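Tertiary structure, described
Spelled out from the first residue to the last, the chains are:
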Amino acid sequence: MKLRLPPSHLDPPELQQRKERLLVAAGLGSTEWTAAADVPREAVSRARVLCMDELELYRWNPFVAKEGRSSLAVGFVSHWNELKMVRMLKNTLERATDDAAVKGPVASWLQDHCDRMCRESANEPEKTNERWAPVTDEPHEELMRWLSAAAPWPCVTAPALFPETTGRGLVFTQDVRPPMPVVAVHRSLLFNAEAVDRHVLSSVFKELELDSDTAVLLLLIHERYVNPRGPWGAFVRLLPAEYSTLFQWSPADLAELAGTPLLSDTLEQKQKLQGFWDDLLPRLRKRPDVFDKAVFTFEKVLWARATFDSRGFIINIDGKAMTTLLPHAEYINHTDSAGHVSFRRFDAASQCVLLESLGECKSGEQARMNYGPMQNGELLTGYGFAIEDNPLESCPVGFELDDEDDLYTQKELALERLSIPSTHHLFAEGTPSHNLLAALRIAAAASEEEIEACVADDAALVAPVSDENEAGTKELLGAVVAQLSAQYPSSLEDDELLLEQVRAQGRKAHTEVMQTPHLELALIYRIGQKKLLRNALAWAEA
């Protein structure tokens, strides 16, 4: 049986080209393998590379010795990457043959792999024997009745409170094995562009020539604050009145991000949203009978946007990708391991969106899913939380060649020849990434011969090209890190001390310490960024 793994059409062309170049360098350029009782190592390796996001690809260095083998074995990248790899291979398997006897052994190998990931996730120390209590108030009971009435499967999860770990979440009420879904939500209950088309206000949205993205935001505000007893009432009445996502932080909150790359990005996005609102407002005022100016405000638009950012899923329905609110599924908390949920999909037969179980899930466990390989900036922007010592954290490094350098043109061509990205990052590992080091080695080159030495056999991506060049590389990195560090108004030690004070005094008792409601989250992010800078500086000074 042939397994064919072509490049993903979802990747932008530049990313596709970079992946193909690196795959060839790793000896994984072939797109076809023969599978028998399991998936060939080369196919797994190629699938892992094809499933890498841009930052994962930036970190991966295939320019290493292959120990005499014709191809490089690509090991574990991230839990998210592993989930995508399994999904890619499962889909490839489905396309390869309809013969159950032929594809059975490979499918069994893939499911065994999923079961291992699922059990490893559930057996992590902080997740075993979690204390929880059921949430049985009437609003949540109404939500469960509303969901169950439309779903063809019994609901296998229920809202629960996990006081020592995640707070609100979902707990399994029975053992679950694939293909039973963790959550199933009928199409009629989805809140997305289709909901707009079915709603009585659809004619108003068309009259005002509003696009579907704008209309769905306005419809959410309408259903939550104007029509809370409407068709989605059981769901929208339980939505929070505010979120911890950055779009809802006050100016004082955002000021705690001073010096970080996240502050300028957030202010730019909020400015774009303000411009969007300023353009939209005159149209809404044409229909005051529908859009009450006391309800439809910029603050409510920020709330609706935060709702979709933190709770929305992109679902492909009948060939159209739609950002969709999935009632009940929104309670599934993030895990940086594999979790219990593999992926979501629309099932045409049942007309439901299914969140599929990755492997065996035990009754009484908290249902978790991996939101993706997210850094704290992404988590704060989209979900309103941050992970202390996040292993996926990175710090963007703005580095450009000196355009007054006599060798500027040659160095620019050298960067192109090595396909080195223009954007760089620092990671938790003490040693800077091979891409950043290669860029710095080329920048530090003092002659055309030295530039050529960097490019020949991809040398700059593998190791120092000379002692003198490496000294120049470290000096350049030290200068870049010092410039970034100088933008912060406080030191790493200051922030660590302040975080200890905030936590020691408690939220209610430390009014003189807790200057803003989101100071703790800002400190976690700031400390993470400064640790990356400190590690890079230590390497440069070694």
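Attention here is on the structure that accompanies the text. (Residues numbered from 1 in each chain as written. Predicted model: local features only at pLDDT ≥ 70, side-chain atom pairs only at ≥ 80, totals over all residues. Heavy atoms only, no water.)

1. Focus on the overall build of the protein
Stated formally: Put simply, DSSP marks the helices as runs of H or I at least four residues long and the strands as runs of E at least two long, and each gets a number from the N terminus on. All radius of gyration figures rest on C-alpha atoms, and the globule criterion is 2.2 Å times the number of residues raised to 0.38. Partly exposed residues are those whose accessible area sits between 20% and 50% of the maximum for their type, while under 20% is buried and over 50% is exposed, using a 1.4 Å probe and protein chains only. Note on definitions: a residue-residue contact is assigned when non-hydrogen atoms from the two residues lie within 4.5 Å.
Counting its regular elements, the protein contains 20 helices and 14 strands. Computed over C-alpha atoms, the radius of gyration of the protein comes to 26 Å, within 12% of the 24 Å expected from 2.2 N^0.38 for 542 residues, which places it in the range of a compact globule. Its C-alpha atoms put the protein at 75 × 65 × 50 Å along the principal axes. The buried share of the protein, taken over its 542 residues, is 51%. In the protein, once contacts between residues fewer than 6 apart in sequence are set aside, the share between residues at least 24 apart is 73%.

2. Details of the sheet that holds strand 10 (residues 341-347)
Counted only if it meets this: Paired strands, in this sense, are two strands between which DSSP finds at least two bridges. Note on definitions: angles span 0 to 180 degrees between N-to-C directions of axes, and those axes are lines fitted to C-alpha atoms, for helices only across the stretch in contact.
Here 3 strands make up an open sheet; going across it, the order is 6-11-10 and the pairing antiparallel. In the strand order of this sheet, the two ends are held by strand 6 (181-186) and strand 10, each with one partner. The average angle at which neighbouring strand axes cross in this sheet is 15°, direction not considered. In this sheet, strand 11 (residues 352-357) lies alongside strand 10 in antiparallel orientation, the contact comprising 5 bridges. Each residue of the ladder has a partner; that of arginine 344, found in strand 11, is leucine 355.

3. Regarding unusual backbone geometry
Here the residue pair proline 178 and proline 179 is connected by a cis peptide bond, since its omega of 10° sits within 30 degrees of zero. One can find proline 179 in the loop between strand 5 (167-172) and strand 6. The phi torsion at serine 419 lies on the positive side, around 55°, for a residue other than glycine. If you trace the backbone, serine 419 turns up in the loop between helix 15 (408-417) and strand 14 (424-427).

4. Brief notes about the environment of glutamine 16
Mapped onto the elements, glutamine 16 comes out in helix 1 (residues 13-25). Glutamine 16 sits in the partly exposed class, given a relative accessible area of 24%. Distance from glutamine 16 to leucine 50, taken between C-alpha atoms, is 8.5 Å for residues 34 residues apart in sequence. Every residue in contact with glutamine 16, bar those within four places of it in the chain, is listed here: Pro7, Ser8, His9 and Asp11.

5. Points about the pattern of salt bridges
Quick note on the threshold: Whenever a carboxyl oxygen of Asp or Glu lies within 4 Å of a side-chain nitrogen of Lys or Arg, that contact is scored as a salt bridge.
If you walk through the whole model with that rule in mind, you get 35 salt bridges. Here arginine 237 and glutamate 142 are joined by a salt bridge, their closest N and O atoms 2.8 Å apart. Note that arginine 237 is positioned in the loop between helix 10 (233-236) and helix 11 (251-255) and glutamate 142 in helix 6 (residues 138-150), a separation of 95 residues in sequence. By relative accessible area, which is 25% here, glutamate 142 ends up partly exposed. A salt bridge links glutamate 207 to arginine 287; its shortest N-O distance comes to 2.7 Å. Remark: arginine 287 occurs in the loop between helix 12 (261-284) and helix 13 (298-311) and glutamate 207 occurs in helix 8 (residues 202-207); sequence separation between them is 80 residues. Exposure remark for glutamate 207: the relative accessible area of 48% places this residue in the partly exposed category. Judged by relative accessible area, arginine 287 falls into the buried class, the value being 18%. Within the structure, one salt-bridge network assembled from shared partners comprises Arg87, Arg345, Asp347 and Glu356.

6. Notes on the layout of surface pockets
One water molecule sets the probe size; rolling that probe over the atoms shows where empty space is left. Operational definition: Buried and open spaces are told apart on a 1 Å grid over the protein atoms alone, a cavity being a set of points where a 1.4 Å probe fits but cannot get out and a pocket being an open set with protein on both sides within 12 Å along at least five of seven lines. Residues with an atom within 4 Å of a point are the lining residues. Grid points are joined across faces, edges and corners, and a volume is the space filled by probe spheres set on the points. Classes in brief: Ala, Val, Leu, Ile, Met, Phe, Trp, Tyr, Cys and Pro nonpolar; Asp, Glu, Lys and Arg charged; the others, Gly included, polar.
One number sums up the size of the second largest pocket: a volume of about 560 Å³. Around the second largest pocket, the lining comprises 27 residues; the ones closest to its centre are Lys90, Gln111, Pro178, Pro179 and Glu356. If you list the elements that add at least two residues to the lining of the second largest pocket, you get helix 4 (79-96), helix 5 (100-122), strand 10 and strand 11. Considered class by class, the residues forming the lining of the second largest pocket number 15 nonpolar, 5 polar and 7 charged.

7. Examining the sheet that holds strand 9 (residues 333-334)
Adjacent strands of a sheet form backbone hydrogen bonds with each other and so pair up, either parallel or antiparallel. Strand order across the open sheet formed by 5 strands is 3-4-5-12-9, with mixed pairing between neighbours. The strands lining the two open edges of the sheet, one partner per strand, are strand 3 (133-134) and strand 9. Alignment of strand 4 (residues 157-162) against strand 5, held across 6 bridges, turns out to be antiparallel. What sits directly across from phenylalanine 162, in strand 5, is glycine 167.

8. Looking at a negative patch on the surface
For clarity, the cut-off: Any residue with relative accessible area above 30% and no salt bridge may belong to a patch, with like charges joined within 9 Å and the nonpolar Val, Leu, Ile, Met, Phe, Trp and Tyr side chains within 5 Å. Surface exposure here means Shrake-Rupley accessible area, sampled with a 1.4 Å probe, where a residue is shielded only by the protein chains that are shown. Think of it this way: Lys and Arg go in the positive column, Asp and Glu in the negative one, and His and the chain ends go nowhere. All charge positions are set by atom: Lys at NZ, Arg at CZ, Asp at CG, Glu at CD.
On the surface, Glu400, Asp402, Asp403 and Glu404 cluster together into a negatively charged patch. Here glutamate 404 lies in the loop between strand 13 (394-397) and helix 15.

9. Describing the environment of histidine 79
Looking at the element boundaries, histidine 79 is found in helix 4. In this structure the C-alpha to C-alpha distance between histidine 79 and glycine 372, which are 293 residues apart in sequence, comes to 8.2 Å. If we ignore the near neighbours within four places in the chain, the residues touching histidine 79 are Asp336, Ser337, Ala338 and Asn370.

10. Details of helix 13
Put simply, the rule reads: Every helix has an expected span of 1.5 Å times one less than the residues it contains.
The terminal C-alpha atoms of helix 13, which comprises 14 residues, lie 20 Å apart, in line with the 20 Å expected from a rise of 1.5 Å per residue. Contacts made by the buried residues of helix 13 are with helix 9 (212-225), helix 12, strand 7 (312-317), strand 8 (320-325) and helix 14 (376-382).

11. Here's the deal with the packing of helix 18 (residues 467-485) against helix 20 (residues 519-541)
Inclusion rule: Here the word oblique covers every angle except those under 35 degrees (roughly parallel), over 145 (roughly antiparallel) and from 65 to 115 (roughly perpendicular). Note on convention: the crossing is left-handed when the near helix lies turned anticlockwise from the far helix by less than a right angle, right-handed when the turn is clockwise.
Across the interface, helix 18 lies against helix 20 with an axial gap of 8 Å and an inter-helix angle of 150°. With respect to helix 20, the element helix 18 is oriented roughly antiparallel. Considering only the axes of helix 18 and helix 20, their crossing is left-handed. On helix 20, the residues that touch Glu470, Lys474, Leu477, Gly478, Val481, Leu484 and Ser485 of helix 18 are Leu533, Ala536, Leu537, Trp539 and Ala540.

12. Some words on helix 6
Cut-off, in case you're wondering: This arc describes the spread of directions from the helix axis toward the C-beta atoms.
For helix 6, with 13 residues, the first-to-last C-alpha span of 19 Å sits near the 18 Å given by 1.5 Å per residue. Every buried residue of helix 6 is accounted for by His140, Leu143, Met144, Trp146 and Leu147. Each buried residue of helix 6 lies within a common arc of 160° when the element is viewed along its axis, so the set occupies one face. Where helix 6 is buried, its residues touch strand 4, strand 5, strand 6 and helix 10.

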